[in-house]
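What the coordinates show
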There are 10 protein chains.
Amino acid sequence: MLFKVEMDVNVPIDFDKDKFEELKAAEKARFQELQKAGTWRHIWRVVGQYSNVSIFDVRDNSQLHDIMMSLPLYPFMDVRVTALCRHPSSLHDDDR
Amino acid sequence: MLFKVEMDVNVPIDFDKDKFEELKAAEKARFQELQKAGTWRHIWRVVGQYSNVSIFDVRDNSQLHDIMMSLPLYPFMDVRVTALCRHPSSLHDDDR
Amino acid sequence: MLFKVEMDVNVPIDFDKDKFEELKAAEKARFQELQKAGTWRHIWRVVGQYSNVSIFDVRDNSQLHDIMMSLPLYPFMDVRVTALCRHPSSLHDDDR
Amino acid sequence: MLFKVEMDVNVPIDFDKDKFEELKAAEKARFQELQKAGTWRHIWRVVGQYSNVSIFDVRDNSQLHDIMMSLPLYPFMDVRVTALCRHPSSLHDDDR
Amino acid sequence: MLFKVEMDVNVPIDFDKDKFEELKAAEKARFQELQKAGTWRHIWRVVGQYSNVSIFDVRDNSQLHDIMMSLPLYPFMDVRVTALCRHPSSLHDDDR
Amino acid sequence: MLFKVEMDVNVPIDFDKDKFEELKAAEKARFQELQKAGTWRHIWRVVGQYSNVSIFDVRDNSQLHDIMMSLPLYPFMDVRVTALCRHPSSLHDDDR
Amino acid sequence: MLFKVEMDVNVPIDFDKDKFEELKAAEKARFQELQKAGTWRHIWRVVGQYSNVSIFDVRDNSQLHDIMMSLPLYPFMDVRVTALCRHPSSLHDDDR
Amino acid sequence: MLFKVEMDVNVPIDFDKDKFEELKAAEKARFQELQKAGTWRHIWRVVGQYSNVSIFDVRDNSQLHDIMMSLPLYPFMDVRVTALCRHPSSLHDDDR
Amino acid sequence: MLFKVEMDVNVPIDFDKDKFEELKAAEKARFQELQKAGTWRHIWRVVGQYSNVSIFDVRDNSQLHDIMMSLPLYPFMDVRVTALCRHPSSLHDDDR
Amino acid sequence: MLFKVEMDVNVPIDFDKDKFEELKAAEKARFQELQKAGTWRHIWRVVGQYSNVSIFDVRDNSQLHDIMMSLPLYPFMDVRVTALCRHPSSLHDDDR
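All values reported here derive from a predicted model rather than from experimental measurement. (Residues numbered from 1 in each chain as written. Chains lettered and ligands numbered in written order. Predicted model: local features only at pLDDT ≥ 70, side-chain atom pairs only at ≥ 80, totals over all residues. Heavy atoms only, no water.)

Moving on, we get to the environment of E:Pro75. Residue and element names in this part refer to chain E. In this structure, Pro 75 sits in the loop between helix H2 (61-69) and strand S4 (77-86). For Pro 75, a relative accessible area of 54% gives the class exposed. Taking C-alpha positions, Pro 75 is 15 Å from Asp 16, a pair spaced 59 residues apart along the chain. (Helix = DSSP H or I, 4+ residues; strand = E, 2+ residues; numbered from the N terminus. Buried < 20%, exposed > 50% of the residue type's maximum accessible area, 1.4 Å probe, protein only.)

Given below as structure tokens:
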């Protein structure tokens, strides 16, 4: 089941730089784990922003919620979730 | 080069049903042509809306503009365009 | 799987009254069918508005989309969809 | 008498973690007390957000106000209140 | 039980003048009936707008909804409803 | 001359509790002074918010401005001012 | 007593040109009458818009409301009213 | 003196196609006249929209207003005007 | 050349009182200098807000920008600038 | 390939003045490097704001993203990016 999730990361100007690099490294590791599992199906940077557009393929709503809460950078994020489904005109069976 | 394009279709309540079905059929044909060409890379329906979220892979800004203007349903659409780029954490080289 | 769906109904001032009553009757019949099936789990009127707040319990995103598209009053609606999940503090196992 | 209440919880990045866990535990206890009393009739998590959608069944406006003011996490919340009433099409007498 | 209700009246430029005067007369009659009953407790014009700010004193949410639906000008209105309660600092017992 | 004034009070999470209680007591005293004088004609709490809806009856715009600036909690407030006048349909001569 | 009033004029594309010119002429006559009386104290065009920014000097709120309702183009306007008062730093006694 | 002007063109679905083509031709002629004069200094299409971003170099505010009012497509436009000035860091003396 | 400038002043709750009084005194001196020069042509307080509505009469866009940057309270302000011009219906030649 | 980029700079009231001057000097140097390279094609100040409107001419989306991330003042900026293309009516071949 597909969802578009848009995440904006807001870092306070005076937040500890080393602590934030640690969180970013943890976020990257968690992301790659989910990407390999096929759950975090797509991710793109938004040009000029510290934001991404992502497509998740999850079992149900709860799984998506648990994933979002597990992200190390979640406390810095504004998040927008949009439920998606297959488009009837698509020629690709697996463009889930 | 990647762009997220979000399209909302607004049909006036009293618009001629047959004429609209013709336009929808033409839109579908145009879409599939672009999907086969790899230009309209992804399309998803937004749940509960007459809207889609799409990812385009185009040569440059002008090509995207020309494609949007060529869509039979364009006059009925509200369109939002967002420039994207590859995410540095992604393990997939071609998650363009 | 639960979703909150908020629907605002906008009827043009000059829309044919009889035609609209027919559509309302069809909407009510469709609603009751879905309520009996347990899919349209809750519905409430918003005080002072021609709007409702509803909770749907569906198999997946596609089922919710198909239901919304099947509603006789859909062409008159503004719709907002929000994915929900069980709250960890709830004492009710079935407050799905 | 029914109200939809939507609560977003905003915790400052540097708020004391232990103090917040205490407040969360107190919030949970207060919530369950109100849930058992039938006043806090429904609660759902919003997917991807630290937010809930709730339905309250109260005697009058004042009771709802007093409940909201009594919540341990209230100082961290953005709150939206919407008055609801029974929907005329509903087959359930008690879908208050 | 008190509610603030704000009503903006939007009349299409080409709406039949006589028909609208009839509706306005009916609205005034209905308003005065509710004002005499003590239900429509206050009404004020918003300066420079075809809008009013009103305070209703009703038995419950349903009564307010039924009143709003009974207004002859309702189909022309944008309506915002806000639940109110007595202010703890007020010296007036009946500033309900 | 009547004005609707809506005030939202925003207290920073870490503001000194005792200092704020002092300001609240001063605000209450100032409010009751103005209520007795008939200037702060009505006040209601907004359900679920630290906000009020008030009706002021003042000599002119300047008096209202001076009153607002004199409120002990003014530095914590978001304020919205709307000029009102008597509604032509009202049966009450003094529903100023 | 001073108010800033901002008026945007919206003319439907297909509105009768001659009828609109008549209304504009009537609006101009009414405006100049009020300008001579000192009531419509200032008027400026907003660059690139069919909009004006005006300053009114009126006896009270009711007078301003009656003036706005008397404008021949009022049915085509979006109007925003803001209550003003003399600025304490001003060296001009009559910059009312 | 420089201004950024952003213009969105909105054509009603049922507007006469030939009439609109005439207006577009007239708009293009007027634009090129102003471009040759150096007044309409830059114009760009916004990708995916019937909108442009333009830079005008005018003598004063009035000249810009008169130009905008003279555009054949002005009645179909939403317009946003922003006053600009030379940036102190620029190495180009004439990047007016 | 005329501009409407609207300024909202936001002072953090914990900003040093004496320092702010110094800045206010400097702001007042700068304002009166510009008022005497005829550049800051009008100023009014917005009722109930720490905001003003001002009319500037400047040589060009750059002069307005330089003036705004020179204001001692500028770092505390939200500013909205609107380009104005003489209204064709005005009977006053100098209602610049 | 052209993009409009709008940047608002927000400096916290209590940010270290010397540190900020260093960052501004670094920003200016980086800007002039990009201006000489023809990448940062235009820049203008927005009157009355600490904001600029810029036109970038870049190879692709990624180059623009990398440039924005390299700006010393980026952590203080709100940024809006809009993809542009050549306007068909333009007489200038190089108004890229």
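More follows now that the structure is in view.
With 31 residues of chain J in contact, the opposing surface of chain H contributes 31 residues. Regarding the contact of chain J and chain H, the summed buried area is about 2,800 Å², with carbon and sulfur atoms giving 61% of it. The tally of links from chain J across to chain H stands at two salt bridges. With a shortest N-O distance of 2.3 Å, H:Glu6 and J:Lys4 are connected by a salt bridge. Looking at the side of chain J that touches chain H, the elements with two or more residues in it are strand S1 (2-9), helix H1 (17-36), strand S2 (40-46), strand S3 (51-57) and strand S4 (77-86) of chain J. The element that contributes the greatest number of residues to the side of chain J that touches chain H is S2(J), accounting for six residues. A class-by-class count of the residues in the side of chain J that touches chain H yields 13 nonpolar, nine polar and nine charged. (Contact = heavy atoms within 4.5 Å. Buried area = accessible area lost by both parts, 1.4 Å probe. Salt bridge = Lys/Arg side-chain N within 4 Å of Asp/Glu carboxyl O. Nonpolar A, V, L, I, M, F, W, Y, C, P; charged D, E, K, R; others polar.)

Together, A:Asp14, D:Asp14, F:Asp14, I:Asp14 and J:Asp14 line one region of the surface with negative charge. Within the fold, I:Asp14 resides in the loop between strand S1 (2-9) and helix H1 (17-36). (Patch = residues over 30% accessible without salt bridge, like charges linked within 9 Å, V, L, I, M, F, W, Y side chains within 5 Å. Areas by Shrake-Rupley, 256 points an atom, 1.4 Å probe, with all protein chains shown as cover. Lys, Arg positive; Asp, Glu negative; His and termini not counted. Charge placed at Lys NZ, Arg CZ, Asp CG, Glu CD.)

What follows covers the relation of the copies chain A and chain B. With an RMSD of 0.0 Å, the operation that places chain A on chain B is a rotation of 180 degrees combined with a shift of 0.0 Å along the axis. Between the two chains, the operation in question is that of a two-fold axis. Both copies contact each other with a shared surface, as 100% of the interface residues of chain A are interface residues in chain B too. (Least-squares fit on C-alpha atoms with pLDDT ≥ 70 in both.)

Between chain B and chain F there is no contact; the minimum C-alpha to C-alpha separation amounts to 30 Å. Separated in space, chain E and chain I share no contact, their closest pair of C-alpha atoms being 15 Å apart.

Glancing now at the sheet that holds strand S1 (residues 2-9) of chain F. Read once around its circumference, the closed barrel built from eight strands follows the order S1(E)-S3(E)-S2(E)-S4(F)-S1(F)-S3(F)-S2(F)-S4(E), with strand pairing classed as antiparallel. Direction aside, the axes of adjacent strands within the sheet are offset by 35 degrees on average. Where S1(F) and strand S4 (residues 77-86) of chain F come together, seven bridges link them in antiparallel fashion. What sits directly across from F:Phe3, in S4(F), is F:Ala83. Running over the sheet, helix H2 (residues 61-69) of chain D touches strand S1 (2-9) and S4 of chain E together with strand S2 (40-46) of chain F and is turned about 70 degrees from S4(E). Contacts from helix H2 (residues 61-69) of chain F reach S1, strand S3 (51-57) and S4 of chain F within the one sheet, and its direction differs from that of S1(F) by about 20 degrees. (Pairing = 2+ DSSP bridges. Axes fitted to C-alpha atoms, helices over the stretch in contact; angles between N-to-C directions.)

Read these as geometric descriptors, not functional statements.
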